[in-house]
Amino acid sequence: MHAPAQVDAAAELLRTLGAPVRLAVLVQLLDGPLCVHELVDALYDAGRPVSQPLVSQHLRRLRTAALVVTSRRGNEVLYALADSHVGHIVRDALRHVDHDTD
């Protein structure tokens, strides 16, 4: 049995993942770290054109939720999945949706 605080935290995690742009950002990060402008380009290429300020805003929310971490590459800030659990959640959600459409 899970404590109410754990259930509440899991619900907050799912709310954070519930924004399509945030989930799309995490999908892009499945392949490895990217900086903001690389994410903007990748999202555009994936058919989800969004502005750099909007991507930055969603990255802040993902970082606050401990779903992404940052590092530096010269002057750029790289964003990466915080851990393998985040990747599993994203992949499992995508598999679930793919499975439902079969």
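Up top is the structure.
Residues numbered from 1 in each chain as written. Predicted model: local features only at pLDDT ≥ 70, side-chain atom pairs only at ≥ 80, totals over all residues. Heavy atoms only, no water.

A. Seen up close, the packing of helix α3 (residues 36-45) against helix α4 (residues 52-64). Following both chains from N to C, one finds α3 and α4 inclined at 110°, their axes separated by 9 Å at the closest point. By the angle class used here, α3 and α4 are roughly perpendicular. In this structure, α3 crosses over α4, and the sense of that crossing is right-handed. Contacts between α3 and α4 pair V36, L39, V40 and L43 from the former with Q52, V55, S56 and L59 from the latter. Residue composition of the contact of α3 with α4, grouped by class: six nonpolar, two polar and no charged. (Axes fitted to C-alpha atoms, helices over the stretch in contact; angles between N-to-C directions. Helix = DSSP H or I, 4+ residues; strand = E, 2+ residues; numbered from the N terminus. Parallel < 35°, antiparallel > 145°, perpendicular 65-115°, else oblique. Left-handed = near helix turned anticlockwise from the far one by under 90°. Contact = heavy atoms within 4.5 Å. Nonpolar A, V, L, I, M, F, W, Y, C, P; charged D, E, K, R; others polar.)

B. Local environment of the pairing of strand β2 (residues 68-73). Inspection of the sheet shows β2 paired to strand β3 (residues 76-81) by six bridges, in the antiparallel sense. Bridge pairing links V69 to A80 in β3. Linking two consecutive strands that pair antiparallel, namely β2 and β3, is a turn of two residues; a positive phi of about 65° is found at G74 within it. (Pairing = 2+ DSSP bridges.)

C. Quick look at the pattern of salt bridges. The tally for this structure, following the rule as stated, stands at five salt bridges. Note that E12 and R15 form a salt bridge whose closest N and O atoms lie 3.0 Å from each other. Taken together, the positions of E12 and R15, both in helix α1 (residues 4-17) and three residues apart, correspond to about one turn of that helix. Across the pair R73 and E38 runs a salt bridge, and its minimum N-O distance is 3.1 Å. Residue R73 is found in strand β2, and its partner E38 is found in helix α3; the two are separated by 35 residues along the sequence. Judged by relative accessible area, which is 36%, R73 ranks as partly exposed. Its relative accessible area of 24% is what places E38 among the partly exposed residues. (Salt bridge = Lys/Arg side-chain N within 4 Å of Asp/Glu carboxyl O. Buried < 20%, exposed > 50% of the residue type's maximum accessible area, 1.4 Å probe, protein only.)

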